[in-house]
Amino acid sequence: MFNIILFGPPGSGKGTQSEKLIAKYNLKHLSTGDLLRSEIAAATPLGIEAKKMMDQGQLVPDEVVVGMISSALDANPQVAGFLFDGFPRTTAQAEALDKLLKLKGTSIGIVLALEVGEEEIVSRLLNRGLTSGRSDDTNETIIRNRITEYKNKTSIVANYYTATDKVKHIKGEGSLDEIFSALCKEIEAKMPQK
Ligand code: ADP
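The present account deals with the structure reproduced in this document. (Residues numbered from 1 in each chain as written. Predicted model: local features only at pLDDT ≥ 70, side-chain atom pairs only at ≥ 80, totals over all residues. Heavy atoms only, no water.)

The helix and strand tally for the protein chain stands at 9 helices and 5 strands. Mapped from its N terminus to its C terminus, the protein chain presents α and β elements in the order β-α-β-α-α-α-β-α-β-α-α-α-β-α. Against the 2.2 N^0.38 benchmark of 16 Å for 194 residues, the protein chain shows a C-alpha radius of gyration of 16 Å, consistent with a compact globule. Working note: accessible area of the protein chain is about 9800 Å², and carbon and sulfur atoms make up 53% of it. (Helix = DSSP H or I, 4+ residues; strand = E, 2+ residues; numbered from the N terminus. Rg over C-alpha atoms; globule rule 2.2 N^0.38 Å. Areas by Shrake-Rupley, 256 points an atom, 1.4 Å probe, with all protein chains shown as cover.)

It is possible for side chains bearing opposite charge to pair when their charged atoms get close. Scanning all chains against the criterion turns up 17 salt bridges. Asp-177 is the salt-bridge partner of Lys-20, the closest N and O atoms lying 3.3 Å from each other. Of this pair, Lys-20 sits in helix α1 (residues 14-25) while Asp-177 sits in helix α9 (residues 176-190), and the two are 157 residues apart along the sequence. For Glu-49, the salt bridge is made with Lys-52, and the minimal N-O distance between the two is 2.8 Å. One end of the pair, Glu-49, and the other, Lys-52, are both in helix α3 (residues 45-54), 3 residues apart, so they sit about a helical turn from each other. Through salt bridges that share partners, Glu-118, Glu-119, Glu-140, Arg-144 and Lys-151 make up one connected network. (Salt bridge = Lys/Arg side-chain N within 4 Å of Asp/Glu carboxyl O.)

To continue, consider the side chain of Ser-31. Within the fold, Ser-31 resides in strand β2 (residues 28-31). A relative accessible area of 7% places Ser-31 in the buried class. A polar contact is formed between the side chain of Ser-31 and the backbone nitrogen of Asp-34, at a distance of 2.9 Å. (Buried < 20%, exposed > 50% of the residue type's maximum accessible area, 1.4 Å probe, protein only. Polar contact = N/O pair within 3.5 Å; in protein donor to acceptor, adjacent residues only side chain to side chain.)

As a further point, take the sheet that holds strand β4 (residues 108-115). One open sheet holds the 5 strands; their spatial order is β2-β3-β1-β4-β5, and the pairing between them is parallel. Because the sheet does not close on itself, it has two edges, and the strands there are β2 and β5 (167-171). Within the sheet, the average angular offset between the axes of one strand and its neighbour, ignoring direction, is 20°. The strands touched by α9 are β1 (3-7), β4 and β5; relative to β4, the strand with the most contacts, the crossing angle is about 155°. (Pairing = 2+ DSSP bridges. Axes fitted to C-alpha atoms, helices over the stretch in contact; angles between N-to-C directions. Contact = heavy atoms within 4.5 Å.)

Right, let's talk about the environment of Cys-184 for a bit. One can find Cys-184 in helix α9. On the basis of relative accessible area, Cys-184 is assigned to the buried category, the value being 6%. If we skip the residues at most four places from it in the chain, Cys-184 touches Leu-21, Lys-24 and Tyr-25.

A few words now on the packing of aromatic side chains. Under the defined criterion, the tally for this structure stands at 4 aromatic pairs. With centroids separated by 6.1 Å and ring planes inclined at 45°, the aromatic side chains of Phe-7 and Tyr-150 adopt a geometry described as tilted. You can see Phe-7 sitting in strand β1 and its partner Tyr-150 sitting in helix α7 (residues 140-154), a full 143 residues away along the chain. For the pair formed by Phe-7 and Tyr-150, the shared burial category is buried. Members of the aromatic cluster, each reached through a chain of ring pairs, are Phe-82, Phe-84 and Phe-87. In this arrangement the basic side chain of Lys-20 is found over the ring face of Phe-180, its NZ or CZ atom lying 4.9 Å from the centre. (Phe/Tyr/Trp six-rings, centres within 6.5 Å; stacked < 30°, edge-to-face > 60°. Lys NZ or Arg CZ within 6 Å of the ring centre and 35° of its normal.)

The terminal C-alpha atoms of α7, which comprises 15 residues, lie 20 Å apart, in line with the 21 Å expected from a rise of 1.5 Å per residue. Turning to α7, its buried residues number three or more, namely Ile-142, Ile-143, Arg-146, Ile-147, Glu-149, Tyr-150 and Thr-154. What you see down the axis of α7 is that its buried residues fit within an arc of 155°, all on one side. Turned more than 90 degrees off the buried face of α7, the exposed positions are Thr-141 and Asn-152. Considering only its buried residues, α7 is in contact with β1, α3, α6 (118-132) and α8 (157-162). Where α7 starts, the residue carrying a side-chain oxygen 2.7 Å from the main-chain nitrogen of Thr-141 turns out to be Asn-139. (Expected span 1.5 Å × (residues − 1). Arc of directions from axis to C-beta.)

We now examine unusual backbone geometry. For the bond running from Phe-87 to Pro-88, omega is 0°, close enough to zero to count as cis. Tracing the backbone shows Pro-88 in the loop between β3 (82-85) and α5 (91-103). Here Ala-43, not a glycine, exhibits a phi torsion of approximately 50°, which is positive. With respect to the helices and strands, the residue Ala-43 is situated in the loop between α2 (32-41) and α3. Residue Asp-165 is not a glycine yet carries a positive backbone phi of 60°. Checked against the element boundaries, Asp-165 lands in the loop between α8 and β5.

Laid out in C-alpha cells, this is it:
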C-alpha cells in the first residue's frame with residue numbers, strides 16, 4: 001500500500017488535485033470534510049453536532065474525525081492505498097493515524113504540502129462560495145477563522161512528518177496541470193516501483 005497525505009490550508013486545491021491523483025494512482029480518497037458533509041446531509045447526530053463547529057470555521061473534535069477515518073480504513077481493506085485530504089489537521093490526529101495504519105501493517109509514504117498565500121486563499125474560497133453551496137465559504141469572517149485554525153493547529157502537523165523526510169512542499173499557485181505534474185513527480189520519486 002502507498003498512502004498519501006495531501007496537506008495545505010483551506011482553499012489550497014486539495015479537493016481538486018485529490019480527484020486527479022486518485023484516478024491516476026488508483027487510490028481511495030478519504031476527505032474528512034466530505035465525510036462530515038455526508039453526515040450533515042444524512043442529519044445524523046454526529047453531523048448535527050459537527051455542523052455547529054464547521055459553520056463557525058472551527059475544527060471538529062479529534063475523536064470524531066479519527067473515528068470516521070478508522071471506520072473508513074476498515075471498510076476498504078483491499079485498496080492500493082489511501083489519499084488523505086484534510087486529515088490529519090492536528091498533531092493528535094497525526095498520532096492516531098500512525099497507530100491505525102500500523103495496525104494495518106502500513107504507513108504514510110509521502111506528505112504533499114500545497115502552499116498558497118493567504119489573500120489568494122480568501123479570494124478562492126469566497127469565489128467557491130458563490131457556487132459550492134457551502135455555508136462556510138460565503139462569509140469572510142468564517143473563512144478567516146478557518147485560516148486561523150489552520151495556522152494555530154494544522155500548519156505544525158507538517159513538522160510531525162519532517163523528521164521522517166516525508167514532507168514535500170509544492171507551490172499551489174499556477175495552472176491545475178502544472179501543480180498536478182509537480183505532485184506526480186514527488187509521488188513517483190517515493191512510490192515503490194511495480
Ligand atoms: P477546507 O479545507 O476547504 O476548509 P474541508 O472540507 O476540508 O474544507 O473542511 C471543512 C470543515 O470541516 C473544516 O473547517 C472543519 O470544521 C471540518 N473538518 C474537516 N476535516 C477535519 C479534521 N480533520 N479535523 C477537524 N475538523 C475537520
